[in-house]
Every structure is written in structure tokens, then in C-alpha cells.
Amino acid sequence: MSELVGTIIAAEWELFDRVHNRGGRAACQDDRETFFLMRSAQISAWTVSMQESYYRDLCRAREQGRNLLSEKYGYMMARTSPEEYEQIRGLLPPYSKEKTALIGDICQIQVEWQEELSRKYPRLIGNGRVIHRAQDGVYSTSFETYLWGELESYSIETVRLYSEYVSALKANGKNLNEMILANMVRQYGYPSLEAAESRTKG
């Protein structure tokens, strides 16, 4: 993990610790090790430009008294809990047409990548989130909706960089989701995705 990635995740952890949940504090908010592992797997797969831009987002939000992680979960509620979302939507930054359009394109690509991974590593993916927003529920947030909510919490500058990166990876036949998953299983001590798949219970 680079110094910048570590700094980003430390800042995120402070925010995550302060997220207020509907049913009280979540168990994952006391699991710092897993949080760092999962977030480092993701953010280490980004370009340095994306990391720097997102860190600026975190710093700017802190100066404004905002919690980007709370905002991320707030945006997700538009799909998972629409009635509750209506009660908090005024507290969230309004949607931007440009950003929402870019996020739609990103989500389409990454959902396709996740479907591809599900075929290649059915046990690993089967133990994670459901893929599609149609499967969302009050207590079940899909990969698609989680990604959408997170991207909505980013600045337009970060989303533009993210979109460029995803498009470049797709053009080169690479899968960002697979890169993130590979980072994750390595941190759990597996030499490869194939090894992790073979040792995962279905």
C-alpha cells in the first residue's frame, strides 16, 4: 500500500466511524482491519491521478463539515429505501447531469465486468453482494447500487478521471473489478484468484 493510499483510507476510516446507521452502530464500524483491507484493494487499483483527486475530495469535504461516506450511504437509500431517502435528500449535494451520465456509463461497464467475474469465479462472487440494482432491498444493497452511491459522492473531477480510466481499461481488455478482487485475495494470503476460488465454499 502506498503512503497516499494509506492516508486516504485513514481519512475514510475516521468518517466511517462517524456514520450513523438506522439500526444503530454496525459491526463493520468496529472492524478496522477489514475496512483497510477492502478499501486498499480498491483504491490501490486506481491511477495516482484518481487517488490524488479523491484525496482532494475528502479534504474539501472535511473543510466544509461534510462526511463523504455518510453521503455515499445516503445516495444508496434512493434505491434501497426511497421513503427514508426523501427525508434526507435535502442534506445531500444535488445531482449533476454530467456526473450522473458518466456514472451511468461507468456502472454499465462495471456491472458487465462483475457478471464476467461471476462466471469465472462463481464461489468468490457468490459470497459477495448481489450484482444488479433490481435485487436491491432494505437490507440488501447490490454491487451496482453500492458503486453508484459511491461515485455520486465523488467530485465531478474524480468521476471524470474514473470514467477515463474505466474506458481505457475496457479498450485494453482489462477488468477493474478483477484487479480489485486480485488485490483483495492476495491480502488474504492466496497466490491467485484461481487458488482463492478453489478454496472458497460455494
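Note that the coordinates shown come from a computational prediction; the quantities given were computed from them, not determined experimentally. (Residues numbered from 1 in each chain as written. Predicted model: local features only at pLDDT ≥ 70, side-chain atom pairs only at ≥ 80, totals over all residues. Heavy atoms only, no water.)

Undergrad: Can you explain the overall build of the protein chain? Please cite residues and give values.
TA: When helices and strands are tallied, the protein chain shows eleven helices and zero strands. N-terminal to C-terminal, the α/β element order of the protein chain is α-α-α-α-α-α-α-α-α-α-α. The C-alpha radius of gyration computed for the protein chain amounts to 17 Å, which stays within 12% of the reference 17 Å derived for 202 residues, consistent with globular compactness. Dimensions of the protein chain, computed from the C-alpha atoms along their principal axes, are close to 45 × 35 × 30 Å. Long-range pairs, those at least 24 residues apart, make up 68% of the contacts in the protein chain with a sequence separation of at least 6. Only carbon and sulfur atoms are counted for the fraction: they give 51% of the accessible area of the protein chain, which is about 10,900 Å². Charge centroids of the protein chain, computed over 25 positive and 28 negative side chains, lie 1 Å from each other. (Helix = DSSP H or I, 4+ residues; strand = E, 2+ residues; numbered from the N terminus. Rg over C-alpha atoms; globule rule 2.2 N^0.38 Å. Contact = heavy atoms within 4.5 Å. Areas by Shrake-Rupley, 256 points an atom, 1.4 Å probe, with all protein chains shown as cover. Lys, Arg positive; Asp, Glu negative; His and termini not counted. Charge placed at Lys NZ, Arg CZ, Asp CG, Glu CD.)

Undergrad: Residue-level account of the packing of helix α4 (residues 68-80) against helix α8 (residues 143-152), with values.
TA: In contact at an axis separation of 7 Å, α4 and α8 are set at 135 degrees when each is read in the N-to-C sense. Classified by the interaxial angle, the pair formed by α4 and α8 is oblique. In this structure, the crossing between α4 and α8 has a hand that is right-handed. Contact residues: α4 offers K72, Y73, Y75, M76, A78, R79 and T80, while α8 offers E144, T145, Y146, W148, G149, E150 and E152. Looking at side-chain class alone, the contact of α4 with α8 contains six nonpolar, three polar and five charged residues. (Axes fitted to C-alpha atoms, helices over the stretch in contact; angles between N-to-C directions. Parallel < 35°, antiparallel > 145°, perpendicular 65-115°, else oblique. Left-handed = near helix turned anticlockwise from the far one by under 90°. Nonpolar A, V, L, I, M, F, W, Y, C, P; charged D, E, K, R; others polar.)

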